[in-house]
Amino acid sequence: MEQTWPEKGPVIFLGEWCRLYSRRERWLDIDHEVAPYHWNDPEKLREDQEHLSEIYEETLLDLAECLNGIHGTTHSLRYWRIVLGPWLRRFVDIIFDRWMSIVRVTTQYEIDNTICLLGVPGTTDVPDTQQFLTIANSDEWNHAVYNRIIESQTSINIERVEWKPSEALTAPYSQKPSLPLRDKIISSIISNYSSVARRFIRDTDAVLYRTYTPRRYELAIQAKLWQVPILHDYRSPLSRQHETKLRDWSLTDNTASTVSQVIRDMVPVYLPQSFLEHFEVSSDLLSKQGWPDRPKLIWTSNAHQNDDPFKMWSAAKIEQGTKFVIGQHGGRLGIQKSNLLDHELSVCDGYLSWGWGEENDRTIYPTAMLKMVTPRGKPVDNQGGLTLVTLTVPRYALTSDPQLGGQRWSDYFDQLCEFVQELPSAICEQTKIRLYPTDYDSNQRSRWLDRFRDAQFDSGLQTLDKSMVGQRIVVSTYCSTTYLESIAANIPTIVFWDPSYSNLLPLARSYIDVLENAGMFHNSARSAAEFVAMIWDDVGTWWESADVVMARRTFSSQYCHMPKGVSSVVKEALRSVVDSPGEYS
């Protein structure tokens, strides 16, 4: 926060997140140094992930017992893992990251003093997990957390100053465009239909909610299950309500490590209100709005992460015997090691993957790429251009999963620029840079124009399949869904990323090798640019060559499988989950 900056240096910035690109004129005038980011070391990141998993499990056990006592409930550990797990795992990672940053800077530098702002609003009264993830990326919230750690864990002299409001206060990051009129009409029709259909659903009907499949597929799957198709939704009237009395407890553990106790001390302060003040209301919200009372199955692909009322309703039904199915959401799952996937497999009865499986895990059902993609049937357009798909990330780390936080996003952006720089000028003129739809204060467009004044952009606000229309080739630069979409859509695709941070699973490594041997995957920006230049005049011949076709089929069968009759394939998987005894039965 700039209010804490002195007019002159020297200053130590904890990380790149302090230096907004839009404010570079301000910080360039200060004598400063940016402290090395502790997770710049991939090996340390991997070791910390294991340690943080242990802290998470120990804290979850004690927090579940504590909340059962507060609310007078006897919920199982699985219940609390479903309800609390997504928030708590992120919280453990976040506080560890902030704590480690302070530890590193106090051991590497002589710090005379720091400034703590008093009266910063909105840092503790967080309604739910979704709002927590927004505020945890704000300067105000992180300033408060860093100050708590500095005050309790260091002897740094703290100067306390009254906070002054500024326009920078937790600016919203979402840039979602308004729906086109056609989509608004369709949504209105579906909403009216669902209001009528709700009268005919049975208490035992399967509940499909935010499955990541197109609406027509979701409705078709329900019809194949012989139940009235419906798109479930609910209204949440919750508001902020911070009650100090409900937070007068601790998670002290005399055997805990220093950082573990720091995390435990902060849980009662930052626990979202949906788990305390609003717990009773949130738990009953969906039941009171007509959702089935005894569903045989619940399937979601992303509501199990941040939708607290849904998690509470689901966890309660699961305790009564309902089977819980989670669908894959995101292309890196099954390819990279992921805390998210570890959590999902630990709570579900069945997991619908996009094609991959594990021999010793019967809860994984290889089905299809749930984000349905229509393959392009016509030949490659050798007159089309190039789309460079890029990424931004939250300025502050929100997880220990492989990512581009800290200095790494700046390094990643340099690699993007290297790719463009290495392209022949004729290809550059036909290149569009697809910006990430959420900017996270990275000032993507300004950064690009400062490097390449003639850069052309795709705002990233329309879907990727629409952006790819008429393009000769798509270049994807990170491990996620985008390159799986373009491969599944039969769009010529080149992928490159820094392998040191990829943390690939052993099986996935062999399939990435298949892409690499076909020229589709590269370990560096330079290699990718040189290959694009080599095939540019006849991309179609390369893409349709026997080796590339075989590589695409082999890889797609595991990570973006698109079988015929997707609705029937998914239906059979869901029925298998219902019929299976399951780990929790």
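See the structure printed just above.
### With respect to the nonpolar core
Within the largest apolar cluster, 166 residues are counted, with the highest numbers of intra-cluster contacts made by F419 and W448. For this core, the element with the most residues is helix α3 (residues 77-108), which contributes 16 residues. Those residues within four positions of W448 in sequence are excluded, and the remaining contacts are L388, T390, F413, L416, C417, V420, I433, L435 and F457. Grouped together as the second largest cluster of nonpolar side chains are six residues, W5, F13, W27 and I30 included.

### A few points about the environment of P292
Counting through the fold element by element, P292 comes out in the loop between α9 (279-284) and β6 (297-300). Separated by 57 residues in the primary sequence, P292 and R235 place their C-alpha atoms 16 Å from one another. Sequence-distant contacts of P292, defined by excluding residues within four places in its chain, comprise I201, R202, D203, D205, V207, H232, W313 and K317.

### Focus: the pattern of salt bridges
For side chains of opposite charge, pairing can occur when their charged atoms come near one another. Here the structure, examined in full by the defined rule, presents 31 salt bridges. Between E50 and K337 there is a salt bridge, with its nearest N and O atoms 3.9 Å apart. Placement of E50 in helix α2 (residues 42-71) and of K337 in the loop between β7 (323-327) and α12 (339-347) is noted, with a sequence separation of 287 residues between them. For E50, a relative accessible area of 44% gives the class partly exposed. Ionic contacts of the salt-bridge type, sharing partners, join the residues E2, R23 and R26 into one network.

### Quick notes on the packing of aromatic side chains
Per the counting criterion, the structure on display carries 34 aromatic pairs. Judged by centre distance (5.3 Å) and plane angle (65 degrees), the ring pair of W141 and Y270 falls under edge-to-face. With W141 in helix α5 (residues 139-153) and Y270 in helix α8 (residues 258-270), this pair connects stretches of sequence that are 129 residues apart. Relative accessible area serves as the criterion here: at 1%, W141 is assigned to the buried category. Judged by centre distance (5.0 Å) and plane angle (70 degrees), the rings of W497 and F521 are edge-to-face. Here F521 lies in strand β15 (residues 521-522) and W497 lies in the loop between β14 (493-496) and α18 (506-517), a separation of 24 residues in the sequence. Across the pair, exposure class does not vary: W497 and F521 are buried alike.

### Some remarks on the packing of α3 against α12
When two helices pack together, their arrangement is captured by the angle between the axes and the distance separating the axes. Look at α3 against α12: their axes get within 10 Å of each other, and the N-to-C directions meet at 170 degrees. Between α3 and α12, the crossing angle belongs to the class labelled roughly antiparallel. Mapping the contact onto sequence places R78, R81, I82, G85, P86, R89 and D93 in α3 and N339, H343, S346 and V347 in α12. Counted by class, the contact of α3 with α12 contains three nonpolar, four polar and four charged residues.

### Comments concerning the sheet that holds strand β10 (residues 386-389)
On the basis of which strands lie adjacent, the open sheet formed by six strands has the order β12-β11-β10-β13-β14-β15 and parallel pairing. For this open sheet the edge positions go to β12 (456-458) and β15, each flanked by a neighbour on one side alone. Sheet analysis places β14 next to β15, joined by two bridges and oriented parallel. What sits directly across from V495, in β15, is F521.

### Observations regarding unusual backbone geometry
The phi angle at R210 is positive, at roughly 50 degrees, despite the residue not being glycine. Mapped onto the elements, R210 comes out in the loop between β5 (207-208) and α7 (215-224). You can call R210 partly exposed: its relative accessible area is 36%. For Y212, which is not glycine, the phi dihedral falls at a positive 80 degrees. One can find Y212 in the loop between β5 and α7.

### Quick word on the side chain of N503
Turning to its location among the elements, N503 is positioned in the loop between β14 and α18. A polar atom in the side chain of N503 sits 3.4 Å from the side chain of Q49.

### Quick word on the sheet that holds strand β9 (residues 364-366)
Sheet strands line up and pair through hydrogen bonds in the backbone, either parallel or antiparallel. As summarised here, the arrangement of the five strands in space is β5-β6-β7-β8-β9, forming an open sheet in which the pairing is parallel. Only two strands of the sheet have a single neighbouring strand rather than two, namely β5 and β9. Strand direction decides the pairing type here: β5 and β6, joined by two bridges, are parallel. By the bridge assignment for β6, L208 is matched with W299.

### Thoughts on helix α13 (residues 407-422)
Given 3.6 residues to a turn, an α-helix orients residues that are three or four positions apart in the same direction. Its 16 residues give α13 an end-to-end C-alpha distance of 23 Å, which sits within 8% of 22 Å, the value for a rise of 1.5 Å per residue. Of all the positions in α13, only R408, W409, S410, Y412, F413, L416, C417, F419 and V420 are classed as buried.

### Re the packing of α18 against helix α21 (residues 546-559)
In contact at an axis separation of 9 Å, α18 and α21 are set at 150 degrees when each is read in the N-to-C sense. Comparing the axis directions of α18 and α21 gives the class roughly antiparallel. Note that α18 runs across α21; the crossing there is left-handed. Each of L507, A508, Y511, I512, V514 and L515 in α18 lies in contact with α21, whose residues at this interface are A551, T554, F555, Q558 and Y559.

### A look at α2
For α2, with 30 residues, the first-to-last C-alpha span of 41 Å sits near the 44 Å given by 1.5 Å per residue. Where α2 begins, the side chain of D41 points an oxygen toward the backbone nitrogen of E43, at a separation of 3.0 Å. Positive phi shows up at G72, right after α2, with a value of about 65 degrees.

Cut-off values and rules
Residues numbered from 1 in each chain as written. Predicted model: local features only at pLDDT ≥ 70, side-chain atom pairs only at ≥ 80, totals over all residues. Heavy atoms only, no water. Core = buried A, V, L, I, M, F, W, Y, C linked by side-chain atoms within 4.5 Å. Buried < 20%, exposed > 50% of the residue type's maximum accessible area, 1.4 Å probe, protein only. Helix = DSSP H or I, 4+ residues; strand = E, 2+ residues; numbered from the N terminus. Contact = heavy atoms within 4.5 Å. Salt bridge = Lys/Arg side-chain N within 4 Å of Asp/Glu carboxyl O. Phe/Tyr/Trp six-rings, centres within 6.5 Å; stacked < 30°, edge-to-face > 60°. Axes fitted to C-alpha atoms, helices over the stretch in contact; angles between N-to-C directions. Parallel < 35°, antiparallel > 145°, perpendicular 65-115°, else oblique. Nonpolar A, V, L, I, M, F, W, Y, C, P; charged D, E, K, R; others polar. Pairing = 2+ DSSP bridges. Polar contact = N/O pair within 3.5 Å; in protein donor to acceptor, adjacent residues only side chain to side chain. Expected span 1.5 Å × (residues − 1). Left-handed = near helix turned anticlockwise from the far one by under 90°.

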